[in-house]
Amino acid sequence: MPISNKNGCKEFKESNFDEAGSEQIFHTDVYLVSTVLMLDRGQCTFVEKVRNAQKIGVKFVVIADNILEESEDLIMTDSSGNGETITISSMMIRKKDAELIEKSIADKNKVIVKIDLEFAHNGNGKVDIDFW
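Parameters and conventions
Residues numbered from 1 in each chain as written. Predicted model: local features only at pLDDT ≥ 70, side-chain atom pairs only at ≥ 80, totals over all residues. Heavy atoms only, no water. Helix = DSSP H or I, 4+ residues; strand = E, 2+ residues; numbered from the N terminus. Buried < 20%, exposed > 50% of the residue type's maximum accessible area, 1.4 Å probe, protein only. Contact = heavy atoms within 4.5 Å. Areas by Shrake-Rupley, 256 points an atom, 1.4 Å probe, with all protein chains shown as cover. Pairing = 2+ DSSP bridges. Axes fitted to C-alpha atoms, helices over the stretch in contact; angles between N-to-C directions. Core = buried A, V, L, I, M, F, W, Y, C linked by side-chain atoms within 4.5 Å. Disulfide = S-S within 2.5 Å.

S.K.: Describe the overall build of the protein, with residues and values.
M.R.: Along the protein, the regular secondary structure elements total three helices and three strands. Out of the 132 residues belonging to the protein, those deemed buried represent 28%. Pairs at least 24 residues apart make up 65% of the contacts formed inside the protein by residues separated by at least 6 positions. For the protein, the exposed area adds up to about 9100 Å²; of that, 50% sits on carbon and sulfur atoms.

Shown next, in the form of structure tokens:
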């Protein structure tokens with residue numbers, strides 16, 4: 001998690017991260033490490049957040065919801081229509097789950113996030129999602 005620009009709405013700089021985060025993102029061969037970045041929801045589009053993370057070599061973005069919700073699904077959309085250059089995956093998690101991760105990080109505990117994703121696409125290089 002960044003220590004500043006926590007919502008990911010500006011391009012990231014090394015100064016946005018603590019020493020360990022800066023080392024992993026800016027000074028490690030990103031092909032050897034799968035870097036996951038958790039960002040706060042709000043202030044800009046999901047596409048902007050993910051694109052800014054992608055630019056620094058992050059491989060997966062977790063968006064922390066900023067509203068306490070109990071809904072079954074949390075949905076992120078590309079309302080701007082500018083997401084075609086995004087090549088990394090992202091997802092949103094509930095606020096209470098994000099708070100548990102943030103507390104573990106603050107307590108200097110190692111956080112291991114296992115993400116299982118399943119995608120289907122129609123062969124045109126884009127993922128199709130149907131909402132019912």
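S.K.: If you had to explain the sheet that holds strand β1 (residues 36-40) to someone new, which residues and values would you point to?
M.R.: A sheet is described by the order of its strands in space; here three strands give the open sequence β1-β2-β3, paired in parallel fashion. Single-partner strands in this sheet number two, and they are β1 and β3 (89-93). When strand polarity is set aside, the average angle formed by the axes of neighbouring strands in this sheet is 25 degrees. With five bridges joining them, β1 and strand β2 (residues 60-64) adopt parallel strand pairing.

S.K.: Describe in detail the nonpolar core, supporting the description with residues and values.
M.R.: Core analysis: the biggest nonpolar cluster contains 15 residues, and Phe12, Leu37 and Val61 have the highest contact counts within it. Of all the secondary structure elements, the ones that give two or more residues to this core are β1, α2 (46-55) and β2. If sequence neighbours within four positions are ignored, Val61 has contacts with Leu37, Leu39, Val50, Ala53, Ile88, Ser89, Ser90 and Met91. Of all hydrophobic cores here, the second largest spans six residues; its members include Phe60, Ala64, Ile93 and Ala98.

S.K.: Residue-level account of the state of the cysteines, with values.
M.R.: The full count for this structure, using the stated rule, is one disulfide. What pairs with Cys9 in a disulfide is Cys44, and their sulfur atoms sit 2.0 Å apart. One quick way to see it: the torsion about the S-S bond of Cys9 and Cys44 is about -90 degrees, and its sign makes the bridge left-handed. With Cys9 in the segment before α1 (19-26) and Cys44 in the loop between β1 and α2, this residue pair connects regions lying 35 residues apart in the sequence.

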